[in-house]
Amino acid sequence: MTDKSVEKATTTSTLVGKDGRTTIADTVVSKIAGIAAREVSGVHALGGGAARAVGALRERIPGSSTNHSQGVSVEVGERQAAVDVQLVAEYGVSLADLATGIRRNVIASIERMTGLEVTEVNIEIQDVHLESEERTEDTSSEPRVQ
């Protein structure tokens, strides 16, 4: 963390008080961040290629659940959190506006739900989704000969 974030860490927090301390697990913060990022219009998927492939396989297994923290990594301290998000954007959206919207939503959600101060949200846009690619993928699974 930067010197600025270290200075902020010395301030009081609702998570650490005279009556005790509340600890929030990294998985909780990453799940909140993942859900908040997916809520933003223009996000096609979270995670890199390998993470999305594993996620697609996981969803096909009966009884399995969606991994809401896919594509999200976090560092959580006593009072602060830092978030990294990897995603695929929809073609045609302004990537700068998309990143701004994701940051705003992730920060608001984490700070509101956990009381942690979010020091940074780094966004890595790994690909742009084209609808024509999706149609090609869907038809490739059909048998070529009947």
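All values reported here derive from a predicted model rather than from experimental measurement. Within each chain, residue numbers correspond to sequence positions counted from 1 in written order. Local features in a predicted model are, by the rule used here, given only for residues with pLDDT of at least 70; side-chain atom pairs are given and counted only at 80 or more, and totals for whole chains, interfaces and linings are based on all residues. The side-chain quantities take in all heavy atoms of the structure and omit both hydrogens and water.

Asks: An account of the overall build of the protein chain is needed here, citing residue identities and associated values.
Replies: Within the protein chain, the regular secondary structure consists of 5 helices and 6 strands. A run of H or I in DSSP counts as a helix once it spans at least four residues, and a run of E counts as a strand once it spans at least two, with each numbered from the N terminus. The order of helices and strands in the protein chain, counted from the N terminus, is α-β-β-α-β-α-β-β-α-β-α. For the protein chain, the residues scored as buried account for 30% of the 146 residues in total. Contact criterion: two residues are considered in contact whenever any of their non-hydrogen atoms come within 4.5 Å of each other. Long-range pairs, those at least 24 residues apart, make up 76% of the contacts in the protein chain between residues at least 6 apart in sequence. All accessibility values rest on the Shrake-Rupley procedure with a 1.4 Å probe; residue burial counts only the protein chains present in the view. As displayed, the protein chain has an accessible area near 9600 Å², and 49% of this comes from carbon and sulfur atoms. Exposed residues in this analysis have more than 50% of their type's maximum accessible area, buried residues have under 20%, and partly exposed residues fall in between, with area computed by a 1.4 Å probe over protein chains only.

Asks: Report on the confidence of the model for the protein chain, specifying residues and quantitative values.
Replies: Caution applies to low-pLDDT regions: their predicted coordinates should not be interpreted in detail. pLDDT measures the predictor's confidence residue by residue and takes values from 0 up to 100. Averaged over all residues, the pLDDT of the protein chain is 81; the fraction at 70 or higher stands at 69%. Averaged over each element, pLDDT in the protein chain is lowest for helix H1 (residues 3–9) (41) and highest for helix H4 (residues 95–114) (98). Here residues 1–12 is modelled with pLDDT under 50, and outside its nearest four sequence neighbours on either side it reaches 9 contacts, counting other chains as well.

Asks: Which residues make up the nonpolar core, and what are the values?
Replies: Side-chain atoms within 4.5 Å are what join buried Ala, Val, Leu, Ile, Met, Phe, Trp, Tyr and Cys residues into a set we call a nonpolar core. Of all hydrophobic cores here, the largest spans 26 residues; its most connected members are Val83, Leu87, Ile102, Val106 and Ile110. Listing elements by their share of this core, those giving two or more residues are helix H2 (26–38), strand E3 (43–46), strand E4 (72–76), strand E5 (80–90), H4 and strand E6 (117–129). Those residues within four positions of Val106 in sequence are excluded, and the remaining contacts are Ala33, Ala36, Ala37, Val83 and Val121.

Asks: How would you explain the pairing of E5 if you had to name every residue and give the values?
Replies: When you tally the buried positions in E5, you get 8 out of 11 residues, the bulk of the element. For two strands to pair, DSSP has to find at least two bridges joining them. The sheet contact formed by E3 and E5 spans 3 bridges and is antiparallel. From the neighbouring strand, Val43 faces E5, where its bridge partner is Ala89. Connecting E4 to the antiparallel partner E5 that follows it, the hairpin turn spans 3 residues. In terms of strand pairing, E5 meets E6 through 11 bridges, oriented parallel. Residue pairing in the sheet places Val83 in a bridge with Val121 of E6.

Asks: Describe in detail the side chain of Gln80, supporting the description with residues and values.
Replies: Among the secondary structure elements, Gln80 is positioned in strand E5. Among the polar contacts listed, one links the side chain of Gln80 to the side chain of Glu117, at a separation of 3.2 Å. Definition of a polar contact: a pair of N or O atoms within 3.5 Å, with one able to donate and the other able to accept a hydrogen when the atoms are protein atoms, and with sequence-neighbouring residues admitted only if both atoms are side-chain atoms.

Asks: Tell me what's going on with the environment of Val121, and back it up with residues and numbers.
Replies: By the element assignment, Val121 lies in strand E6. With 47 residues separating them in the primary sequence, Val121 and Val74 have C-alpha atoms 9.2 Å apart. Aside from chain neighbours lying at most four places away, what touches Val121 is Val83, Val85, Arg103, Val106 and Ile107.

Asks: Break down the pattern of salt bridges for me, with residues and values.
Replies: Each salt bridge in this description consists of a side-chain nitrogen of Lys or Arg and a carboxyl oxygen of Asp or Glu lying within 4 Å of one another. The tally for this structure, following the rule as stated, stands at 2 salt bridges. For Glu78, the salt bridge is made with Arg21, and the minimal N-O distance between the two is 3.0 Å. Of the two residues, Glu78 sits in the loop between E4 and E5 while Arg21 sits in strand E2 (residues 20–21), which places them 57 residues apart along the sequence. For Glu78, a relative accessible area of 40% puts it in the partly exposed group. Its salt-bridge partner being Arg79, residue Glu78 comes within 3.8 Å of it at the nearest N-O pair. For Arg79, a relative accessible area of 23% gives the class partly exposed. Sharing partners across several salt bridges, the network here consists of Arg21, Glu78 and Arg79.

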